[in-house]
Amino acid sequence: MSWVLQRIDDRLIHGQVLIAWGSRLAPARIYVVDDGVAATPWERDLFREAAPGIEVRVTTVAEAAAAHGTEATADGAAFLLVRDLATARRLVEAGATPGDWNVGGLHYAPGKDKVNDYVYLDAADRADARALTAAGATLVVQDVPSTRPQTLAALDPTTAP
Amino acid sequence: MSAPEGSAVRVPALIVMHADLAQALVRAAEKVVGAVEDVTRLSNEGLSRTDLEQAIEERVRDWPHGGLLLTDFWGGSCHTSGAAAARRHGEVLIVTGVNLPLLLDYLHNRERMGAAELAERLQQKGRDSIRVQRCEPV
């Protein structure tokens with residue numbers, strides 16, 4: 001069972017993840033994979049307590065890459081959350097199986113172009129998307145289960161390798 | 001820093017919620033109690049975690065005696081970004097699961113107690129407001 005949602009979303013744990021995806025897929029564990037959060041005690045504690053009834057593990061990219069294969073065959077469903085394409089790419093380059101990635105929220109910041117209402121990319125993001133796809137990952141844009149999934153490459157052909 | 005004992009300092013509040021809920025909640029409160037002053041409203045719509053955190057911080061940084069963030073649900077971005085912004089300031093507490101009865105109770109009591117005591121009171125009031133009315137067929 002295990003990995004049922006690997007999501008790229010700058011909000012990490014939030015309502016869409018807990019309520020829309022969480023009630024549908026019932027994860028037993030949520031991995032928040034982020035070197036910055038893992039190194040910041042108050043932020044680590046905030047995310048650990050953010051999902052009552054679900055075990056939240058805050059890890060570095062290196063720790064998540066090491067645990068990725070074992071978790072893939074563990075009992076129960078698990079979510080994996082990263083804040084950006086760069087972190088997903090680093091995780092895959094560190095040894096995680098490329099797999100399916102849900103692109104759920106990459107919000108506007110200066111220098112980023114609009115792909116849709118909740119995905120904005122710059123040149124570095126596109127390079128990361130191409131590297132992930134070339135490594136065998138699929139990138140599917142879908143904020144909540146009820147919206148139509150579309151590949152990132154279909155919405156933005158410059159992200160295709 | 002807490003408000004001086006016995007003073008009538010008003011505990012400020014910022015409501016941070018999804019879509020138009022903060023605005024709608026205040027509008028509903030105004031239908032019940034008349035004009036509502038000094039309640040700031042913010043939507044998380046379209047904001048990244050860091051932008052939401054910054055938007056909240058801009059609104060709470062001028063609270064000399066602390067205040068309350070009122071959010072819709074525990075674990076949502078309004079809560080987690082609020083917690084990140086609030087930790088850099090005085091006595092800012094976050095109350096999640098906010099409903100109309102809780103907001104009305106805040107409006108009635110915000111000059112009678114400090115932020116921490118008021119947050120405890122609102123938690124209880126919010127919980128107590130959720131009840132089931134059984135409607136037996138006649």
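Nothing here was measured: the structure is a model prediction, and the numbers come from that model.

J.: Any chance you could explain the overall build of chain A here in plain terms?
T.: When helices and strands are tallied, chain A shows seven helices and nine strands. Taking 161 residues into account, the globule formula puts the C-alpha radius of gyration at 15 Å, and chain A, at 15 Å, falls close to it. With the principal axes as the frame, chain A shows a C-alpha extent of 40 × 30 × 30 Å. In chain A, which comprises 161 residues, the share counted as buried stands at 43%.

J.: Where do I start with the overall build of chain B in this structure?
T.: Secondary structure summary: chain B contains five helices and four strands in total. Listed by position from the N terminus, the elements making up chain B come as β-α-β-α-β-α-β-α-α. For a compact globule of 138 residues, the expected C-alpha radius of gyration is about 14 Å, and chain B comes in at 15 Å, within 12% of that figure. Taken along the three principal axes of its C-alpha coordinates, chain B extends 55 × 40 × 25 Å. Per-residue burial for chain B yields a buried fraction of 41% across its 138 residues. Long-range contacts, defined as pairs at least 24 residues apart, comprise 70% of the intrachain contacts of chain B with a sequence gap of at least 6.

J.: Got a minute to help me understand the environment of B:Asp20 in this structure?
T.: Residues and elements named next belong to chain B. Here Asp20 lies in the loop between strand 1 (13–17) and helix 1 (21–33). Owing to 12 C-beta atoms within 10 Å, Asp20 belongs among the exposed residues under this scheme. Between the alpha carbons of Asp20 and Asn44 there is a distance of 9.3 Å; along the sequence they are 24 residues apart.

J.: Quick question: what am I supposed to make of the interface of chain B and chain A here?
T.: Interfaces are often sized by the accessible area lost when the parts come together. Counting from both sides, the interface comprises 15 residues of chain B and, opposite them, 16 residues of chain A. Contributing elements (two or more residues each) for the side of chain B that touches chain A: helix 2 (49–60) and helix 3 (77–86) of chain B. Of the residues contributing to the side of chain B that touches chain A, the split by class is five nonpolar, seven polar and three charged.

Parameters and conventions
- Each chain carries its own residue numbering, running from 1 in the direction its sequence is written.
- All chains are assigned letters beginning at A, and all ligands numbers beginning at 1, according to the order in which they are written.
- In view of the model being predicted, local features appear only for residues whose pLDDT reaches at least 70, and side-chain atom pairs are presented and counted only at 80 or more, with totals across whole chains, interfaces and linings using the full set of residues.
- Runs of H or I in DSSP of at least four residues are treated as helices and runs of E of at least two as strands, each being numbered from the N terminus.
- Our radius of gyration is a C-alpha quantity, and the globule rule it is checked against amounts to 2.2 Å times the number of residues to the power 0.38.
- Three classes are used. A residue is buried when 20 or more other C-beta atoms lie within 10 Å of its own, exposed when 12 or fewer do, and partly exposed in between, with C-beta atoms placed from the backbone.
- By the criterion used throughout, residues are in contact when their C-beta atoms, derived from the backbone, lie within 7 Å.
- In this classification, the charged set is Asp, Glu, Lys and Arg, the nonpolar set is Ala, Val, Leu, Ile, Met, Phe, Trp, Tyr, Cys and Pro, and all remaining amino acids, among them Gly, are polar.

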